[in-house]
Amino acid sequence: MELLVALGIGVVIIVAGVGAVSVSLRVGSQDIAFQTANFFGQQLLDDVTVTAEGNWNKIAGLNEGSPYHLEKNVSGGFDVLGGAESKTIGGIAYAKFFEVYSVNRNSDGAIVIENGTDDPFTKGVKVTVEWLNRAQPTNIFVEKYIVRTRNSVWHQTDWIGGPICPASDLVTAGTDTRF
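Remember, it's a predicted structure, so these values are computed and weren't measured experimentally. (Residues numbered from 1 in each chain as written. Predicted model: local features only at pLDDT ≥ 70, side-chain atom pairs only at ≥ 80, totals over all residues. Heavy atoms only, no water.)

Visitor: Tell me about the confidence of the model for the protein chain, residues and numbers included.
Guide: In this model, the protein chain carries an average pLDDT of 81, and 77% of its residues clear a pLDDT of 70 or more. Strand β1 (residues 68-72) holds the highest mean pLDDT among the elements of the protein chain, 94, whereas helix α1 (residues 2-54) holds the lowest, 81. (pLDDT = per-residue confidence, 0-100. Helix = DSSP H or I, 4+ residues; strand = E, 2+ residues; numbered from the N terminus.)

Visitor: Outline the layout of surface pockets, listing residues and values.
Guide: Reported here for the largest pocket is a volume of approximately 160 Å³. Secondary structure elements with two or more residues in the lining of the largest pocket: α1, β1 and β3 (85-89). Classifying every residue of the lining of the largest pocket gives three nonpolar, one polar and six charged. (1 Å grid on protein atoms, 1.4 Å probe; cavity = no way out; pocket = protein on both sides within 12 Å on 5 of 7 lines; lining within 4 Å. Points joined across faces, edges and corners; volume = space filled by probe spheres on them. Nonpolar A, V, L, I, M, F, W, Y, C, P; charged D, E, K, R; others polar.)

Visitor: Give a detailed account of the nonpolar core, specifying residues and quantitative values.
Guide: Counting residues in each nonpolar core, the largest one holds 16 residues, and the members touching the most others are V48, I59, F98 and V125. Examining the composition of this core, we find that four residues originate from one element, α1, more than from any other. In this structure V125 touches L45, V48, F98, E99, Y101, V142, E143, K144 and I146, once residues within four positions along its chain are discounted. Ranked by size, the runner-up nonpolar core spans seven residues in total, among them A37, F40, Y94 and I140. (Core = buried A, V, L, I, M, F, W, Y, C linked by side-chain atoms within 4.5 Å. Buried < 20%, exposed > 50% of the residue type's maximum accessible area, 1.4 Å probe, protein only. Contact = heavy atoms within 4.5 Å.)

Visitor: So, the packing of aromatic side chains: which residues are in play, and what are the values?
Guide: Per the stated rule, a full pass over the model turns up five aromatic pairs. Where F34 meets W131, the ring centres are 5.2 Å apart and the plane angle is 85 degrees; that geometry is what we call edge-to-face. Linking F34 in helix α1 with W131 in strand β6 (residues 117-133), this pair joins segments that are 97 residues apart in sequence. For the ring pair Y68 and F98, a centre distance of 6.0 Å and an interplane angle of 40 degrees mean the geometry is tilted. Residue Y68 is located in strand β1, and its partner F98 is located in strand β4 (residues 92-105); the two are separated by 30 residues in the primary sequence. (Phe/Tyr/Trp six-rings, centres within 6.5 Å; stacked < 30°, edge-to-face > 60°.)

Below, the structure written as structure tokens:
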């Protein structure tokens with residue numbers, strides 16, 4: 001009788017141990033997929049930010065709500081292309097894309113969802129990464145506001161001349177023509 005009780009307790013412990021190990025392995029594999037998707041999302045968000053800093057019109061002129069992805073070009077920058085980009089890592093196919101949307105501000109300059117004025121110098125970017133996890137569609141997304149900060153119209157590198165000009169800077173005697 002004691003042997004049957006001990007055997008029963010042993011079976012219960014073994015079944016519980018196998019179940020715990022199975023759950024742990026499944027969570028570990030899901031964690032790798034989530035980490036990979038998060039990496040892809042953050043990388044795309046960083047690349048969109050760099051693209052906007054280099055040429056605001058590449059991002060500001062996109063259709064709201066439409067999916068886009070980036071592709072490196074020969075000059076080292078990025079071209080914006082429609083649709084999602086697919087990558088397969090570790091046997092898992094990921095689709096990554098971004099969407100751009102307008103941002104409204106109230107009279108105090110704070111970002112608001114409704115009842116604001118469109119700010120053409122601020123855009124919202126939402127990056128989405130999708131994949132199948134145990135045959136179930138799974139996704140993560142990251143959002144960020146990007147702001148146009150480079151509004152240079154004119155760039156001056158030096159002040160040759162000026163109100164007090166050395167004689168060597170004068171083109172003709174008494175006339176300073178270099179500014």
